[in-house]
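Residue strings, one per chain:
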Amino acid sequence: MEQIWLGSHKEYSKGVPKGTKSTSSNFKPMNGWMHGAQMVAFNMQGYGKSLWMMHGMFRSNGSCGYVKKPRFLMDKGPHNEVFDPKVKLPVKENFKVRVYMGDGWRLDFSHTHFDTLFATDFYISWVPTDARKKKTKILEDDWCPIWDEEFNFPLTVPELALLRIEVREYDMSEKDDFGGQTCLPVSELRTGIRSVPLYDKKGQKMKSVRLLMRFNLCRHKSFFFSST
């Protein structure tokens, strides 16, 4: 672990899929990023979660294509330790997500596309100890679903957290229909109510589909510093 950290600290490091990889599944970039790799080869074979998380990662810093590494991936800790994403750390931030409602499917999809049984999934991705999944209730026969539900995500490493959101039309007999997705870097979010646009599977922004949401980021008391 320390050798990987030192390698990415002093030199440029690049993560690539294993040479023995025989499947056509997408390479997951988070492993390289959380260990400090400056470059990760995606080798994308299609659309899906890995591509969406890559889009979310690079929405940081004004979507300029460059994201600065957090300080703890550059410096050793007070006891000369290096960051290990598998080690459980104290909670640094409580991240609350409230989804009020969604709208726009009636404008971007044909009226026969969905049975209008909408549910929204929320995922916190990246550091394994912070990874969580939350899901709203399923609302029936409503093109403008109003969930008004809140979820709490305690984060130990908010600097690396990605909030991935996926809306699906629930189908009891077949595979759920895709209704839109987005992925947001938690470090870029600010407390307040937001109209969040959703994207299609390719990562193209939908014309009308949006979620009305509220984000609330509460830093843990132990991480405040006092001058006294």
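Since the structure is predicted, the reported quantities are computational estimates derived from the model, not experimental observations.

Undergrad: For this particular structure, what's the right way to read unusual backbone geometry?
TA: Of all residues except glycine, most have a negative phi; of all peptide bonds, most are trans. Of note, the phi angle at Asn61 is positive, near 55 degrees, even though the residue is not glycine. You can see Asn61 is positioned in the loop between helix H3 (49-57) and strand S3 (93-103). We classify Asn61 as partly exposed; its relative accessible area is 39%. Of note in this structure, Ser63 is not a glycine but carries a positive phi near 60 degrees. Here Ser63 shows up in the loop between H3 and S3. Looking at Ser63, the relative accessible area reads 49%, which means it is partly exposed.

Undergrad: Mind showing me how you'd approach the pattern of salt bridges here?
TA: When their charged atoms lie close together, side chains carrying opposite charge are able to pair. The full count for this structure, using the stated rule, is 8 salt bridges. The salt bridge involving Arg98 is made with Glu150; its shortest N-O contact spans 3.6 Å. Taken together, the residues Arg98 in strand S3 and Glu150 in strand S7 (residues 146-155) connect sequence positions 52 residues apart. What makes Arg98 partly exposed here is its relative accessible area of 22%. Three or more residues joined by partner-sharing salt bridges are found here, namely Arg98, Asp148 and Glu150.

Undergrad: Looking at this model, I keep getting lost on the nonpolar core. Mind explaining?
TA: Soluble, globular proteins show a tendency: their nonpolar side chains are buried together. Residues Phe95, Trp105, Phe122, Leu163, Met213 and Phe215 are the most contacted members of the largest nonpolar core, which totals 37 residues. It is strand S11 (residues 205-219) that provides the largest number of residues to this core, a total of 5 residues. Core analysis: the second largest hydrophobic core is formed by 10 residues, Leu73, Phe83, Val157 and Cys183 among them.

Undergrad: Looking at this structure, how should I read the packing of aromatic side chains?
TA: The way to describe two aromatic rings as a pair is by their centre distance and the angle between their planes. Evaluated as defined, the whole model comprises 5 aromatic pairs. Aromatic pair Phe72 and Phe83: ring centres 4.8 Å apart, planes at 50 degrees, arrangement tilted. Pair noted here: Phe72 is in the loop between H3 and S3 and Phe83 is in the loop between H3 and S3, with a separation of 11 residues, a long-range link. For Phe83, a relative accessible area of 10% translates into the label buried. Members of the aromatic cluster, joined through ring pairs, are Phe95, Phe153 and Phe215. One residue, Arg59, lies across the ring of Tyr199, its end atom 4.3 Å from the ring centre. A cation over an aromatic ring shows up here: Arg164 above the ring of Tyr123, its NZ or CZ 4.0 Å from the ring centre.

Undergrad: Is there a simple way to think about the environment of Pro145 in this case?
TA: Secondary-structure assignment places Pro145 in the loop between strand S6 (139-140) and S7. According to the relative accessible area criterion, Pro145 is buried, its value standing at 0%. Separated by 27 residues in sequence, Pro145 and Phe118 have C-alpha atoms that sit 7.0 Å apart. Not counting residues within four places of it along the chain, the set of residues in contact with Pro145 comprises Tyr100, Met101, Gly102, Trp105, Phe118 and Leu139.

Undergrad: I tried to follow the pairing of strand S8 (residues 162-169) on my own but got confused; where do I start?
TA: Each regular strand carries side chains that alternate between the two faces of the sheet. In terms of burial, S8 is largely enclosed, as 8 of its 8 residues are buried. Looking at chain direction, S8 and strand S9 (residues 177-185) are connected through 8 bridges and run antiparallel. Residue pairing for S9: Val167 is matched across the bridge by Gly180.

Undergrad: What's the story with the confidence of the model for the chain in this structure? I'm lost.
TA: Keep in mind that low pLDDT regions are not for reading the predicted coordinates in detail. This prediction gives the chain a mean pLDDT of 81; 79% of its residues lie at or above 70. Highest mean pLDDT in the chain belongs to strand S10 (residues 192-199) (97); lowest belongs to helix H1 (residues 2-10) (57). Counted against residues more than four places away or in other chains, residues 223-228, with its pLDDT under 50, gives 4 contacts.

Undergrad: Help me understand the pairing of S7 in this model?
TA: Of the two faces of S7, only one is covered, namely that formed by Trp147, Glu149, Phe151, Phe153 and Leu155; the face formed by Ile146, Asp148, Glu150, Asn152 and Pro154 stays uncovered. The pairing of S3 with S7 spans 8 bridges and is antiparallel. Pairing of Glu93 across the sheet is with Leu155, part of S7.

Calculation rules
- Along each chain, the written sequence defines residue order, and numbers are assigned to residues from 1.
- Selection of residues for local features in this predicted model requires a pLDDT of at least 70, selection of side-chain atom pairs for listing and counting requires 80 or more, and totals for whole chains, interfaces and linings are taken over all residues.
- Side-chain measures here rest on the full set of heavy atoms in the structure, leaving out hydrogens and waters.
- In this description a helix means any DSSP run of H or I spanning at least four residues, a strand means any run of E spanning at least two, and both kinds are numbered starting from the N terminus.
- Buried means the residue's accessible area, taken with a 1.4 Å probe over protein chains only, is under 20% of the maximum for its type, while exposed means over 50%, and partly exposed covers the values in between.
- Should a side-chain nitrogen of Lys or Arg be within 4 Å of a carboxyl oxygen of Asp or Glu, the pair is scored as a salt bridge.
- Only buried residues count toward a nonpolar core. Its members are Ala, Val, Leu, Ile, Met, Phe, Trp, Tyr and Cys residues joined through side-chain atoms within 4.5 Å.
- When the centres of two rings from Phe, Tyr and Trp lie within 6.5 Å, Trp using its six-membered ring, the rings pair. Their planes under 30 degrees apart give stacked, over 60 give edge-to-face, and anything left gives tilted.
- Charges are assigned to positions over rings by a cutoff of 6 Å between ring centre and Lys NZ or Arg CZ, combined with an angular limit of 35 degrees from the ring normal.
- What makes two residues a contact is simply this: any of their non-hydrogen atoms within 4.5 Å.
- Two strands pair if DSSP finds at least two bridges between them.
- A residue's pLDDT is simply how confident the predictor is in it, with values from 0 to 100.

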